[in-house]
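Coordinate inspection notes
Spelled out, the chains give:
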Amino acid sequence: MKKRILVVDDEEGLRLLYKEELEDEGWDVVLASSGEESLQRMEESGVDLVLLDIKMPGMDGVEVLRRVKEKWKDLPVVLCTAYPHYKRDFGTWASDAYVIKSSDLTELKQTLKDILGKRH
Amino acid sequence: MGHTQRGTKGLPSSDCAIIEEAQRLTLGALPLEGKLKKLCALMGRFTGFDHCLLYLWDADKRAFVLRASSGGNYPLRRNPAPLSYGEGTGAASMVKRRKKPLELVRKGQDELFRAGRGKGFADVGLEGFSSAVIHPLTAANVFYGVIYLKSAAIIRLSEQRRRVLNIVALQMTETVKCAEFASDIHAEHEELVEARARLLNSQKLLSLGDMAATLAHEIRNPLLSIGGYAARLKIHLDGDCKAIAYVNSMLGGVQRVERLMDGMVGFLKDSVVELRPEDMNDIVAEAVRVFEEEAGERGIELVKDLQEGRLPVMADRDQLKIAFDNIIVNAIQSMDKGGRLSVSTSKSGADVVVRVADSGGGIEPGILDRIFNPFFTTKKRGTGLGLPITSAIVARHLGSIVVDNAAGVGATFIMKFKFVDAKNAEGKG
Ligand SMILES: Nc1ncnc2c1ncn2[C@@H]1O[C@H](COP(=O)(O)OP(=O)(O)OP(=O)(O)O)[C@@H](O)[C@H]1O
Ligand SMILES: [Mg+2]
C-alpha cells in the first residue's frame, strides 16, 4: 500500500510543490495549512508520516509535534524549517528528523525514504 | 623701575609687548594658517621690513615650501615670491647650511640683489630688493625652515631688534612644531577611531546573525518556491530546449542565495556555546577524518600529528568541528594541484594549540588583513563567511586564531585554546 504523508505548511505554493514532488516519488500526499488543521487531518485519515513546518501563525510546528507525540507516539514527524537553530530547541528533541528548507529537495526525500523504509 | 620699563630679558617694554604678542599668537586658538600669517605680519611690522615670508623645509620633497606670507605691496617687486626653493638653491639653502641668520643690504647700485650674485648663492626672490634678512627656524637642533624679511628700503637691524627677531622666530618655530605634533596626534587619533570602528563592526556581526535568522525564514520560503518549481519546470522541458539553460541559471542563482543564508545563519546558530569537557585530539581527529577521502582524491597528502595522550579542553564539539572544517576546506581549496595538508595538536604551556598548514601558496599579502572580514572572498563561489564564523567560534571558546602566512609557499592557521586539567573540567562539566 502507498504510504501517506501529511504536509503541513502555511504557504500554499510550498504545499503544492511538496505535494507534486512527493507524489512523483510514489507517496500519497495530504495537505494541511495550519497546525490546527493538521491535527484534524490526522484524526480523520491515517497518515504514515508528518512533514511539519515549524514557523506557522497560530499553533506552531513545535506545538503540533508535542501533541502528535502525545497521542501517536510512533507516528514519525519530520521538522522543516528555515533556520537551523531550532536544533537546540528542547521542543524539537522528539522529532524523528530535521531538515533545513532548501530548494534542492533531495535531502528531504532521502530522509523521508529512510524513515518510511524503516517502518516496513 | 625708571621711565623706560624693562621687562623680560632686559628688553624695553615695547619689545616685550612684541614678544608677548608673539606668545599670545603661538598659544592662541587660531588655526595654524592664521597663526603663521599673523606672526609673519608681526615680524614685518616690528622690523620695518615690508614683506615677510615663511618657508618650511619639506624633508620628503627636499625643498623649501612657502607656507605663509604678509606684506608685499612694494613697487619694486618684479617677480612674485617663489613658491619653493629646491635643495641647494636660494639664500634659504645657504642659511640651512650655516644655521645662522643672513643679513643682506644693498650697497650703492651694486648687483647684490640681482639674484644675490657674488654672495655664493642665487636667489630670484631677492631680486630688486634693497635689504633682506633670512632667519633660520631651529629648535633642539632640528631645522624647520626660514623666514625671509625683504624690504624695498635699506634697513639695518639693531642688535636689540636682532634679539627680538630671534625670540619671535623661536615662537614661530614652536608654532610649527606644535602643529606637526598635533597632526601626528591627529593621525594617531584617526587610527584609534578606525580601530574602534572595526571593533564595533565585529559586534555588529553578531546582530547580523540575529537578523539573518529572522530574514532566513522570509527569504528561504520564496526561494524554495522559485527553486523547487524551476526544478519541476525543467522536468517538463525537452532535453534540447533552449529554456533549459534559463532554468539552470535560475537554479544556480537560487542555490547561491541559499548558501549565503546557510553561512549567515551560522552566526546565530553558534551564538550559544555549550562547553563540556572534551579531548581536543578527539575533535580534531574527527574533523580531519571527514576529509581523508577528498584529500586523497585531490592528490593532497594529509598529515595528522596529534599530541600524545589527551588534550582536555572545555569545548562545544559541534561548533569546533565547524571551525576546523572551514579552515581545512580553505586549505584544501588552496591546493588545486595537490600538496600537503598537515594538521597538528600540541600543548604549549597552558595552551592547547591546533595548527592547520597547507602548501597552497599562501595568502596574497595585500589581502591578509581582510580575510577575516565577513563576505570577503577571492573565490568565485565563496561566501566569505568561513573565516569570520571560525573566528567567532574560536572567540566563544575564549581562544585565539592567527594566520602565519608564507606568501608563495602556504598558510598556517594557528588556534589556541585553554588547557583544562581533569579536575577543573569535572567541576564544570
Ligand atoms: N589556506 C588558505 N590559503 C590561501 N588563501 C586563503 C586560505 N584561507 C583563506 N584564504 C583566503 O581568505 C578568503 C576568505 O576565506 P573564507 O573562508 O572566509 O571565505 P571563502 O573560503 O572565500 O568562502 P567560503 O568559506 O564560503 O567558501 C578566501 O577567499 C581566500 O582568499
Ligand atoms: Mg572558506
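All of these numbers come straight from a predicted model, not from anything done at the bench.

Before going further, it helps to examine the interface of chain B and chain A. Taken residue by residue, the interface counts 23 residues in chain B and 22 residues in chain A. When chain B packs against chain A, the two sides together hide about 2,000 Å² of surface, and 54% of this comes from carbon and sulfur. Counting the surface chain B buries against chain A, the share from its top three residues, H217, L224 and R232 of chain B, is 32%. Here chain B is connected to chain A by three salt bridges. The salt bridge involving R232 of chain B is made with E20 of chain A; its shortest N-O contact spans 2.5 Å. The interface formed by chain B and chain A includes nine residue pairs in polar contact (both at pLDDT 80 or more). Listed by contribution, the elements that provide at least two residues to the side of chain B that touches chain A are α4 (159–236) and α5 (243–269) of chain B. Element by element, the count of residues in the side of chain B that touches chain A is highest for α4 of chain B, at 13 residues. Here the side of chain B that touches chain A is composed, by residue class, of nine nonpolar, seven polar and seven charged.

Turning our eyes to something else, we now look at the pattern of salt bridges. Residues and elements named next belong to chain A. Tallying each qualifying case throughout the model produces 32 salt bridges over all chains. Between D28 and R4 there is a salt bridge; the shortest N-O distance is 3.6 Å. Placement of the pair is D28 in strand β2 (residues 28–32) and R4 in strand β1 (residues 4–8), with a sequence separation of 24 residues. By relative accessible area, which is 27% here, D28 ends up partly exposed. According to the relative accessible area criterion, R4 is partly exposed, its value standing at 27%.

This part is about the sheet that holds strand β5 (residues 97–100) of chain A. All names here are of chain A. The five strands are arranged β2-β1-β3-β4-β5 in an open sheet whose pairing can be described as parallel. This sheet does not close on itself; its edge strands, each paired only once, are β2 and β5. Going across the sheet, the axis of each strand differs from the next one's by a mean of 20 degrees, ignoring polarity.

Another point: the sheet that holds strand β6 (residues 142–151) of chain B. Residue and element names in this part refer to chain B. Strand order in the open sheet formed by six strands is β3-β2-β1-β6-β5-β4, with antiparallel pairing between adjacent strands. This sheet does not close on itself; its edge strands, each paired only once, are β3 (84–86) and β4 (102–105). Direction aside, neighbouring strands of the sheet carry axes that sit 20 degrees apart on average. Inspection of the sheet shows strand β1 (residues 51–58) paired to β6 by six bridges, in the antiparallel sense. Considered in β6, the bridge of C52 is made with L149. Against the sheet, helix α2 (residues 32–47) contacts β1, β2 (63–71) and β6, and its axis sits at roughly 65 degrees relative to β2. Strands β1, β2, β3, β4, β5 (131–139) and β6 of the sheet are contacted by helix α3 (residues 90–98), whose axis makes an angle of about 135 degrees with β6.

Our focus in this paragraph is a negative patch on the surface. The grouping of E180, D184, E188 and E191 of chain B at the surface amounts to a negative patch. The residue E180 of chain B is located in helix α4 in this model.

Turning next to the site of ligand 1. All names here are of chain B. Around ligand 1 sit 20 residues in total, of which N330, T377, T378, K379 and T383 are the nearest. Here N330 contributes a side-chain N or O atom positioned 2.7 Å from an oxygen atom of ligand 1. At a separation of 3.4 Å, an oxygen atom of ligand 1 approaches a polar backbone atom of G386. Computed on the free molecule, ligand 1 has an accessible area of 600 Å², of which 90% lies beneath the protein chains in the complex. Where the shell around ligand 1 is concerned, the elements lending two or more residues are α7 (317–334), α8 (386–396) and β13 (410–418).

Residues and elements named next belong to chain B. In this structure, R62 is a non-glycine residue whose phi angle is positive, near 55 degrees. Locating R62 in the fold gives a position in the loop between β1 and β2. In this model, N141 sits at a positive phi of 65 degrees, which is unusual for a non-glycine residue. In this structure, N141 sits in the loop between β5 and β6.

Residue and element names in this part refer to chain B. At a closest axis distance of 9 Å, the pairing of helix α1 (residues 13–27) and α2 adopts a crossing angle of 170 degrees. The orientation of α1 with respect to α2, classified from their angle, is roughly antiparallel. Residue-level inspection shows I18, E21, A22, L25, T26 and L27 of α1 in contact with α2, the latter providing K35, K38, L39, L42, R45 and F46.

You can see T111 of chain A is positioned in helix α4 (residues 106–118). T111 of chain A sits in the buried class, given a relative accessible area of 18%.

Residues and elements named next belong to chain A. If you check helix α1 (residues 12–24), its first and last C-alpha atoms are 18 Å apart, about what 13 residues at 1.5 Å a residue would give, namely 18 Å. Looking only at α1, the buried set comprises L14, R15, L17, Y18, E21 and L22. Along the axis of α1, the buried positions cluster into a sector of 165 degrees, meaning they face one direction only. The outward face of α1, more than 90 degrees from its buried face, is lined by the exposed residues E12 and D24. Two residues or fewer past α1, G26 is found with a positive phi of approximately 95 degrees.

The rules behind the values
- Residues numbered from 1 in each chain as written.
- Chains lettered and ligands numbered in written order.
- Predicted model: local features only at pLDDT ≥ 70, side-chain atom pairs only at ≥ 80, totals over all residues.
- Heavy atoms only, no water.
- Contact = heavy atoms within 4.5 Å.
- Buried area = accessible area lost by both parts, 1.4 Å probe.
- Salt bridge = Lys/Arg side-chain N within 4 Å of Asp/Glu carboxyl O.
- Polar contact = N/O pair within 3.5 Å; in protein donor to acceptor, adjacent residues only side chain to side chain.
- Helix = DSSP H or I, 4+ residues; strand = E, 2+ residues; numbered from the N terminus.
- Nonpolar A, V, L, I, M, F, W, Y, C, P; charged D, E, K, R; others polar.
- Buried < 20%, exposed > 50% of the residue type's maximum accessible area, 1.4 Å probe, protein only.
- Pairing = 2+ DSSP bridges.
- Axes fitted to C-alpha atoms, helices over the stretch in contact; angles between N-to-C directions.
- Patch = residues over 30% accessible without salt bridge, like charges linked within 9 Å, V, L, I, M, F, W, Y side chains within 5 Å.
- Areas by Shrake-Rupley, 256 points an atom, 1.4 Å probe, with all protein chains shown as cover.
- Lys, Arg positive; Asp, Glu negative; His and termini not counted.
- Charge placed at Lys NZ, Arg CZ, Asp CG, Glu CD.
- Near = heavy atom within 4 Å.
- Parallel < 35°, antiparallel > 145°, perpendicular 65-115°, else oblique.
- Expected span 1.5 Å × (residues − 1).
- Arc of directions from axis to C-beta.

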